Amino acid sequence: MAPSQEKTEYDVVVIGSGAGGLAAALTAKLEGLDVLVIEKTDRIGGSTAISGGAVWVPLNDQAEAAGHPDTPEKALTYLRNTVGAAGDEALRHAFLEAGPRALRYLRERTDVQLAARTYSPDYHPDREGAAMGGRSLDPIEFDGRLLGPHFRTLRDPLPEFCVLGGMMVNMTDVKHLLAVTRSFASWKHGMKLVLRYFADRLGGHHRGTRLLLGNALAGRLFHGLLKEKIPFWLETPALALEQDAGGAVTGVRVKRDGREIVLQARRGVVVATGGFPWNAQMRAEHYPAPTGPYSMSPQGNVGEGIAMARQAGGVLGTGHTGPALWAPVSMMKRPDGSMLRYPHLVWDRAKPGLIAVDARGERFVNEASSYHEFVRGMYQANEAGTSVPALLVCDSDFMEKWGLGLALPGGRSREHLVRAGYLYRADTLEALARQAGVDSDGFARTVAAFNPPAARGEDPAFGKGSTAYNRYLGDPEHQPNACVAPVAKAPFYAVKVYPGDIGTALGVRADGHARVLDTRGTPIAGLYVAGNDMHSVMGGEYPAPGITLGPALTFGWAAGMHLAHGHDEHA
C-alpha cells in the first residue's frame, strides 16, 4: 500500500517497539482494538533486544514451583527496605497486583514464555523481605527462524552476548565452552551450539537463530506482533502528540517517507521510546557529574517520548534517588573511530582475584556489588575527582580463567586490545599503575594490604563475598570465599571503567493504569506511557535483576487493558 493510501486512523498508536510498547500493542489487539506500532529505527526490539532479559515480578505464579513461595507482605517489605520513599507507594502496590496478572496473560495468550529462576538472590539479600529466587524470570530460548524473513528486522543483541561473530550465549553456555577440553558433557553442549550456529550461517542467516536473553524476549514479542497481524511502521519517527480542545490526546504526528502524517488514535497513544540516556542536554541536567556518552542503550534513545508527553501536560517524576540505572562500562576506540562499549554487569567483577581502584590506587567499593551499586560507589568516592574513571585490576591467573571485559580468557590473543589502549598489561604492579595513570605507591599499598587476608578468603575492608548475591556471581569452586583471591601473579592487567548506564529511571509520572498524570495528578485522557519513558516504580533504586523489564511488561499490559476496557470502569 503506498503511503498516500495507508490507513491513518486506529484505536491505538504505540510509539516504540521495546517490551513496554509491544506488550501494550499485543494486549490491546487481543482485547479487540485496532493497533499500529511505529518505530523510528529500522529494527524492532528497542533496548529489550540488547538487554540481559531478566524480568522481576514478585508473586508470579511460578515462584513457588521454583522453590521460593512469596507473599505480598514479604515483597512489600523488601521494596520498602530498598526503594522506600524514593518510589510511589500507590504505583508499587499497582505493580505487585498487576505484575503476576500481566505475566499470566502474556503466557496464556502470546508467545511470551518465561521461566522463574530457581536461585537468583535479590540484590540486597541481607534486607528483610528479600528472596533467594523465584521473583526473577528469564525468557525461554526462542527460535529466530520462526520470524521468517522478519528475522533481520529484529534488533541484533550486543556483540558481548555473542561468540564466533553471532552465536548468542548465556552464562551456562560460556561455562561449558570454557570447559570443552575438560568435560565430555561440556564438549557435547558446545558442539551442539556450534553445529546449530554453523547450520544457521550456511543457511543464509546473518547470525545465529538461537535467541537468548533480551533478544529472545524481543523475538517472542515480535512473533506475537506478526501472528496477530499488527501493522508496524519502521523508520517512522513521532514528531508531536495531537490533542483536542480539552487536552485529550487524539493522535500523533509522524514523519513517514519524507512526509508528515497525522495518525488518529480513537482510544489513545502509548509512549514507549526508551528514555533519554543519549540526550546530552538531559544527561547534563539530571545526571551527576562527570557524565558522558557511556550508555549501553540504543543510541536512538534520546527522550523524545518524554518530551512529547511533557508538551502534552505530563510531568517528570520527583523524589527519586537517581536518574539512571547504572553500570560500569569500559570503552575501546575502533580503527574507524567509533566506540565499542562493554558493560561489566555480572561476569568479571565478582570473581576471585579482581579489585577496583581509583586514581590514588585505593579501593573504594565492594567489587561484587550490583552494577548499579558499583557505579554509585564510583560517584560517592569521586568527591576528590579520583574514581572516574576507575580501574579494574587482575592478575594472569584471573585473566586466563575469566577474562576482563573485551579481553577473553583461555590464552586468547590480547595484543590488539593493548595496542588500542583498552587493556593495560605489565610485569609489575608499579608499571601497571604508571601505564594507567594511577598513583603507584598507593596502588602498591592497596595490593599489599589486600593480598594477605585475601589468601584466607577475607576482605575486611569492603566485605567482598559477604552476601548471597556476591557469592551467586563468584566462583563456587573457590573456597573459602567465592569472590576473593590475591592479585599476585604477573603479568598484571587492567581496564578503565566509566559510570555508564543501561537506561534511565527518571521519566513521566503515571498511575497504575499507565496513564500519564498532569501537574495536579490527574490522568491526561488518551495518553499512556510504558518502559523507561515512565518514571520508575523503583524511584532510581535497583533492588533486583529485571526491575526495568518487569514493570515494562506489567504497565504495557495495564495500558493495553485500560485502553480496551477503561471506559467500562468509568475511570
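Presented here is an overview of the structure given in this document.

Rules of the game
- Residues numbered from 1 in each chain as written.
- Predicted model: local features only at pLDDT ≥ 70, side-chain atom pairs only at ≥ 80, totals over all residues.
- Heavy atoms only, no water.
- Helix = DSSP H or I, 4+ residues; strand = E, 2+ residues; numbered from the N terminus.
- Buried < 20%, exposed > 50% of the residue type's maximum accessible area, 1.4 Å probe, protein only.
- Areas by Shrake-Rupley, 256 points an atom, 1.4 Å probe, with all protein chains shown as cover.
- Lys, Arg positive; Asp, Glu negative; His and termini not counted.
- Charge placed at Lys NZ, Arg CZ, Asp CG, Glu CD.
- Pairing = 2+ DSSP bridges.
- Contact = heavy atoms within 4.5 Å.
- Salt bridge = Lys/Arg side-chain N within 4 Å of Asp/Glu carboxyl O.
- Expected span 1.5 Å × (residues − 1).
- Phe/Tyr/Trp six-rings, centres within 6.5 Å; stacked < 30°, edge-to-face > 60°.
- Lys NZ or Arg CZ within 6 Å of the ring centre and 35° of its normal.
- 1 Å grid on protein atoms, 1.4 Å probe; cavity = no way out; pocket = protein on both sides within 12 Å on 5 of 7 lines; lining within 4 Å.
- Points joined across faces, edges and corners; volume = space filled by probe spheres on them.
- Nonpolar A, V, L, I, M, F, W, Y, C, P; charged D, E, K, R; others polar.

Secondary structure assignment for the protein chain yields 15 helices and 21 strands. By its C-alpha atoms, the protein chain is 70 × 55 × 50 Å across when sized along the principal axes. The buried share of the protein chain, taken over its 571 residues, is 60%. Within the structure as shown, the protein chain displays about 21900 Å² of accessible surface, and the carbon and sulfur contribution to it stands at 52%. Each charge class in the protein chain was averaged separately, 59 positive and 60 negative side chains, and the resulting centres sit 4 Å apart.

Glancing now at the sheet that holds strand β5 (residues 136–139). Pairing is antiparallel across the open sheet formed by 3 strands, whose spatial order is β3-β5-β4. Every other strand in the sheet has two partners, leaving β3 (55–56) and β4 (114–116) as the edge strands with one partner each. In this sheet, β5 lies alongside β4 in antiparallel orientation, the contact comprising 3 bridges. Within β5, the position partnered with Leu114 by the bridge is Pro139.

Before going further, it helps to spend a moment on the environment of Met399. Position of Met399 relative to the elements: it lies in helix α10 (residues 396–402). The exposure class of Met399 is buried, given its relative accessible area of 0%. For the pair formed by Met399 and Pro491, sequence separation is 92 residues and the distance between their alpha carbons is 9.5 Å. Not counting the four nearest positions on each side in its chain, Met399 is found in contact with Cys394, Leu404, Ala407, Leu408, Pro409, Gly410, Arg414, Leu423 and Tyr493.

Looking now at the pattern of salt bridges. Counted under the stated rule, the structure contains 38 salt bridges. One salt bridge connects Glu367 with Arg363, and the closest N-O pair in it is separated by 2.8 Å. Given the relative accessible area of 0%, Glu367 is considered buried. Connected through shared salt-bridge partners, Lys7, Glu9, Asp11, Asp34 and Arg266 make up one network.

In an α-helix, one turn spans 3.6 residues; hence positions three or four apart end up facing the same way. Its 12 residues place the ends of helix α1 (residues 19–30) 16 Å apart at the C-alpha level, agreeing with the 16 Å of an ideal helix rising 1.5 Å per residue. α1 sits mainly inside the fold: 11 of its 12 residues count as buried. Buried residues in α1 make contact with β1 (9–15), β2 (35–38), α3 (89–109), α6 (213–227), β13 (259–271) and α15 (549–565). Downstream of α1 by a residue or two, Gly32 has a phi angle that is positive, lying close to 100 degrees.

Okay, the packing of aromatic side chains next. By the definition in use, this model includes 18 aromatic pairs. Taking the centre distance of 5.7 Å and the plane angle of 40 degrees together, the rings of Tyr197 and Phe198 count as tilted. By relative accessible area, Phe198 is classed as partly exposed at 42%. With 5.9 Å between their ring centres and 65 degrees between their planes, Phe364 and Phe374 make a pair best called edge-to-face. Pair noted here: Phe364 is in the loop between β16 (354–357) and α9 (371–380) and Phe374 is in helix α9, with a separation of 10 residues, a long-range link. Accessibility expressed as a relative area gives 0% for Phe374, which makes it buried. Site record: aromatic cluster; members linked through ring pairs are Trp56, Tyr78, Phe95 and Phe555. In this structure, Arg256 packs its charged tip against the face of Trp233, placed 4.3 Å from the ring centre. Over the face of the ring belonging to Tyr493 we find Arg414, whose NZ or CZ atom lies 5.8 Å from the ring centre.

A separate point is empty space enclosed by the protein. Evaluation of the coordinates by the stated rule reveals 3 cavities of 30 Å³ or more. Surrounding the largest cavity, 13 residues form its lining, Gly531, Asn532, Met534, Ser536 and Pro551 being those nearest its centre. Taken together, the residues that form the lining of the largest cavity break down as 7 nonpolar, 6 polar and no charged. Of the voids in this model, the second largest cavity is the one considered here, and its volume is about 70 Å³. Along the walls of the second largest cavity sit Asn60, Asp61, Gln62, Leu103, Arg107, Val112, Leu114 and Leu137, which together make up its complete lining. Taken together, the residues that form the lining of the second largest cavity break down as 4 nonpolar, 2 polar and 2 charged.

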